[in-house]
Amino acid sequence: MSEKNEISLESVIDVIIDTLGDVAQKNYEFLRQRVPDVLKEVSDLFQDVFNIQTKMIEFLANNPKLIEYMCVPPATFFVLSPQSDVVLISLILGHIPTVCYSIRIMLEALMCAFLVDWKYGLQKNIFEKAQTDEYLHFSPCRYRTDVAKALNDVKLAENICAFWSVLSSFWAHPMAKIPLTTNKIPAGFLTSALLKIAKKGSPPSYAIGFPMYYDEEDLEHLRDTAENISEFRKMLKVIFDLWFTYVENMLKNYQ
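J.: How should the overall build of the protein be read in this particular structure?
T.: Helices and strands together make up the secondary structure of the protein, namely 11 helices and two strands. The N-to-C order of helical and strand elements in the protein reads α-α-α-α-α-α-α-α-α-β-β-α-α. In the protein, which comprises 255 residues, the proportion classed as buried is 45%. Across the protein, the fraction of contacts at a sequence separation of at least 24, relative to all contacts at a separation of at least 6, is 67%. Surface summary for the protein: the accessible area is close to 14,200 Å², and the carbon and sulfur share equals 56%.

See below:
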């Protein structure tokens with residue numbers, strides 16, 4: 001009987017460590033020269049999140065009771081902040097799907113937190129809110145009617161649902177509905193790889209390995225990624241502006 005060829009975890013880690021710096025440097029140069037918009041959007045996202053965190057810290061310092069009751073602050077510190085780091089790291093190391101998935105995670109967490117804060121205010125603390133149906137079963141599409149009421153904007157709620165659906169369908173699920181229709185299509189990483197092989201004769205770079213060097217074949221996905229980050233940043237600003245306004249008005253009514 002022939003012996004099994006076992007893969008050594010240490011050898012894999014050694015290769016990754018040796019490769020990371022070179023991939024990051026060369027991908028950064030590629031993005032800087034060929035798709036500068038995506039670097040600008042990531043930089044602006046970092047700045048947006050930093051500004052939001054700074055404002056949130058000052059706001060909570062003046063209203064410490066809110067820490068027990070509001071879900072948006074932990075969503076800010078424990079989801080938005082680390083996931084924005086993941087966006088940059090994944091982008092530089094050549095894995096576009098993780099970038100898009102992190103944007104989806106940020107949008108979903110923030111919108112869910114906003115909804116339960118708007119609906120329950122100071123009536124429930126953060127742990128009680130986390131046991132509500134809205135929290136346990138949330139998606140921006142399933143609860144888009146409630147989201148529209150919370151945002152006071154039906155069109156924005158529909159846009160959030162559609163954007164979340166695109167990120168979910170094409171970067172997460174193997175089978176998904178076309179956003180805002182009942183038609184199901186094959187989607188996700190595997191379909192993307194198969195379509196690219198059928199069209200170009202080779203899979204996309206992110207389907208080959210990680211970390212991975214970018215090439216010209218990645219430009220379309222990278223431009224889409226820049227647009228996705230830009231769209232998310234617009235939603236981020238609106239949602240936080242509304243949340244701060246809502247909480248300030250709520251506190252005035254409790255005085």
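Now that the structure has been shown, the text picks up again.
J.: Hey, could you run me through the state of the cysteines in this one?
T.: Think of a disulfide as a covalent bridge from one cysteine sulfur atom to another cysteine sulfur atom. Counting across every chain of the model gives one disulfide. Sulfur-sulfur distance for the disulfide between C141 and C161 comes to 2.1 Å. Taking the sign of the S-S torsion, 105° for the link of C141 and C161, the bridge is right-handed. Taken together, the residues span a long stretch of sequence, with C141 in the loop between α7 (133-136) and α8 (144-151) and C161 in helix α9 (residues 154-171) at a distance of 20 residues. For C141, a relative accessible area of 16% translates into the label buried. Its sulfur unpaired, C71 is 7.4 Å from the next cysteine sulfur, which belongs to C112.

J.: Honestly, the environment of I92 in this entry has me stumped. Any pointers?
T.: Turning to its location among the elements, I92 is positioned in helix α4 (residues 72-92). Residue I92 is classed as buried on the basis of its relative accessible area, which comes to 14%. A C-alpha to C-alpha distance of 9.3 Å links I92 and L39, two positions 53 residues apart in sequence. Here I92 is in contact with V23, A24, N27, Y28, L31 and L39, once residues within four sequence places are set aside.

J.: How should I be thinking about the pattern of salt bridges in this particular structure?
T.: Two side chains with opposite charge may pair up if their charged atoms get near one another. Taken as a whole and judged by the stated rule, the model has 12 salt bridges. One salt bridge connects D44 with R233, and the closest N-O pair in it is separated by 3.9 Å. Of this pair, D44 sits in helix α2 (residues 36-62) while R233 sits in helix α11 (residues 219-254), and the two are 189 residues apart along the sequence. Exposure class is identical for D44 and R233. Each is buried. The partner of R233 in a salt bridge is D48, with the nearest N and O atoms 2.6 Å apart. Of this pair, R233 sits in helix α11 while D48 sits in helix α2; the two residues are 185 residues apart in sequence, bridging distant segments of the chain. There is no split in this pair, since R233 and D48 are both buried.

Analysis parameters
Residues numbered from 1 in each chain as written. Predicted model: local features only at pLDDT ≥ 70, side-chain atom pairs only at ≥ 80, totals over all residues. Heavy atoms only, no water. Helix = DSSP H or I, 4+ residues; strand = E, 2+ residues; numbered from the N terminus. Buried < 20%, exposed > 50% of the residue type's maximum accessible area, 1.4 Å probe, protein only. Contact = heavy atoms within 4.5 Å. Areas by Shrake-Rupley, 256 points an atom, 1.4 Å probe, with all protein chains shown as cover. Disulfide = S-S within 2.5 Å. Salt bridge = Lys/Arg side-chain N within 4 Å of Asp/Glu carboxyl O.

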